[in-house]
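Listed below, chain by chain, are the residues.
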Amino acid sequence: MNYIDTHCHLDGEEFKDDRDVVVQRAREAGCQAIFLPAIDVASCHTVLDTCSQYPGYCYPMLGLHPEEVRADWRDQLLAISNWLLAISQQLKANSQQPIAIGEVGLDYYWSREFEEEQLQAFEEQVRWAVELQLPLMIHCRKAQNEMVNLLKRYADELPGGVFHCFTGNEQEARQLLEFPRFVLGIGGVLTFKKSHLPEVLPACVPLHRIVLETDAPYMSPVPLRGQRNEPANIVHVIKRLAEAYGVSEQEICRQTNENVKKVFGIQI
């Protein structure tokens, strides 16, 4: 059973003492690759450094997370933009080449204090995706209507992307699926006791519109809730997806791997 973790914060402090062991467990579990999203300028450094330690296995995504959009957000965007342009122009054949713009988006869950700034930062990064023809790794909480309205303005030009950590209902899923080059990222929430995803997904989301993710070290699946999450734990998500769709675990892996290749344009 081979799969891909499309969203893992492997560069984080939570893995500093045993990162090699975590990667080894991932390989043994069947994880073929791990995609690492940046969230700010500092994590762009750690993401690129971590990916350089595991060439051909860990792949970087660079962007500014909406919760990091604060007073200095324009300075951070400028720094990340300069990196992206330099890398895209000079390192085409290098393992450091970013495979997506992310983790970007909108998050009004805790506060709308920086609502307008988040919209401006998100739109600028959407323009990067269009300019560089890189997919988007999108984080969205309590802001789907605002996100959708913004993306519609660029829908014809965007190469695609992932709506990370989808936890919504059928109506929300159908709205997102109207963007044909985008897929939904499914992780540990699927396994939670109160999750409605096992019913929602088969009802309206075809398997060719799903990719797997952990969001590690967060969102550990049942039966590991409360523990640090890691890429090896996706096997629990695969099992639950297979049960929900009535297919084999091998079919879940095969189809989601194909979906990754289509969205990110890389062969793994």
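A quick note: this is a predicted structure, and the numbers were derived from the prediction, not measured. (Residues numbered from 1 in each chain as written. Predicted model: local features only at pLDDT ≥ 70, side-chain atom pairs only at ≥ 80, totals over all residues. Heavy atoms only, no water.)

Draft legend 1. A look at the nonpolar core. Counting residues in hydrophobic clusters, the biggest one holds 75 residues, and the most contacted among them are L136 and L151. Not counting the four nearest positions on each side in its chain, L136 is found in contact with I101, V104, Q125, V126, A129, L151, L158, G160, G161, V162 and F182. (Core = buried A, V, L, I, M, F, W, Y, C linked by side-chain atoms within 4.5 Å. Buried < 20%, exposed > 50% of the residue type's maximum accessible area, 1.4 Å probe, protein only. Contact = heavy atoms within 4.5 Å.)

Draft legend 2. Spotlight on the sheet that holds strand β4 (residues 100-107). Pairing in this open sheet of eight strands is parallel, and the strands run β1-β2-β3-β4-β5-β6-β7-β8 from one edge to the other. The outermost strands of the open sheet, each flanked by one partner alone, are β1 (3-5) and β8 (210-212). The sheet shows a mean angle of 30° between the axes of neighbouring strands, direction not considered. Packed on one face of the sheet, helix α1 (residues 19-29) meets β1 and β2 (31-37) and runs near 135° to β2. (Pairing = 2+ DSSP bridges. Helix = DSSP H or I, 4+ residues; strand = E, 2+ residues; numbered from the N terminus. Axes fitted to C-alpha atoms, helices over the stretch in contact; angles between N-to-C directions.)

Draft legend 3. Local environment of the packing of aromatic side chains. Applying the stated rule across the entire model yields six aromatic pairs. Through a chain of ring-to-ring contacts, the aromatic side chains of F35, Y59 and F264 assemble into a single cluster. Over the ring of Y57 we find R27, and its NZ or CZ is 3.9 Å from the ring centre. Between R225 and the ring centre of F192, over which it is positioned, the NZ or CZ distance is 3.7 Å. (Phe/Tyr/Trp six-rings, centres within 6.5 Å; stacked < 30°, edge-to-face > 60°. Lys NZ or Arg CZ within 6 Å of the ring centre and 35° of its normal.)

Draft legend 4. Examining the environment of L190 more closely. Tracing the backbone shows L190 in the loop between β7 (182-186) and α7 (197-204). Of the residues examined, L190 reaches a relative accessible area of 1% and is grouped as buried. Once residues lying within four places of it in the same chain are set aside, the contact partners of L190 are S195, L197, P198, L201, V237, R240 and L241.

Draft legend 5. The state of the cysteines, seen in detail. Taken as a whole and judged by the stated rule, the model has zero disulfides. Note on C253: no disulfide assigned, nearest cysteine sulfur contributed by C31 at a separation of 10 Å. The class of C253 is buried, set by a relative accessible area of 3%. (Disulfide = S-S within 2.5 Å.)

Draft legend 6. Just the packing of helix α4 (residues 115-132) against helix α5 (residues 144-152), in detail. It is the contact of α4 with α5, at a shortest axis distance of 11 Å, that shows an interaxial angle of 35°. In this structure, α4 crosses over α5, and the sense of that crossing is right-handed. Contacts from L119, F122, E123 and V126 of α4 reach α5 at E146, M147, L150 and L151. When the residues that make up the contact of α4 with α5 are grouped by side-chain class, the tally is six nonpolar, no polar and two charged. (Left-handed = near helix turned anticlockwise from the far one by under 90°. Nonpolar A, V, L, I, M, F, W, Y, C, P; charged D, E, K, R; others polar.)

Draft legend 7. View of the pattern of salt bridges. For the structure on display, the rule yields 15 salt bridges. Here D107 and R141 are joined by a salt bridge, their closest N and O atoms 2.9 Å apart. With D107 in strand β4 and R141 in strand β5 (residues 136-141), the pair connects residues that are 34 residues apart, well separated along the chain. We classify D107 as buried; its relative accessible area is 4%. Measuring nitrogen to oxygen at the nearest pair gives 3.3 Å for the salt bridge that ties E146 to R112. Taken together, the residues E146 in helix α5 and R112 in the loop between β4 and α4 connect sequence positions 34 residues apart. (Salt bridge = Lys/Arg side-chain N within 4 Å of Asp/Glu carboxyl O.)

Draft legend 8. How the structure looks around the pairing of β7. For β7, a buried count of five out of five residues is recorded, marking the element as mostly surrounded by other parts of the structure. Handedness of the crossover joining strand β6 (residues 161-163) and β7 through helix α6 (residues 170-177): right-handed. Bridging between β7 and β8 involves three bridges; their strand directions are parallel. Counted as the bridge partner of L184 is I210 from β8. (Right-handed = clockwise from strand over helix to strand, strands pointing away.)

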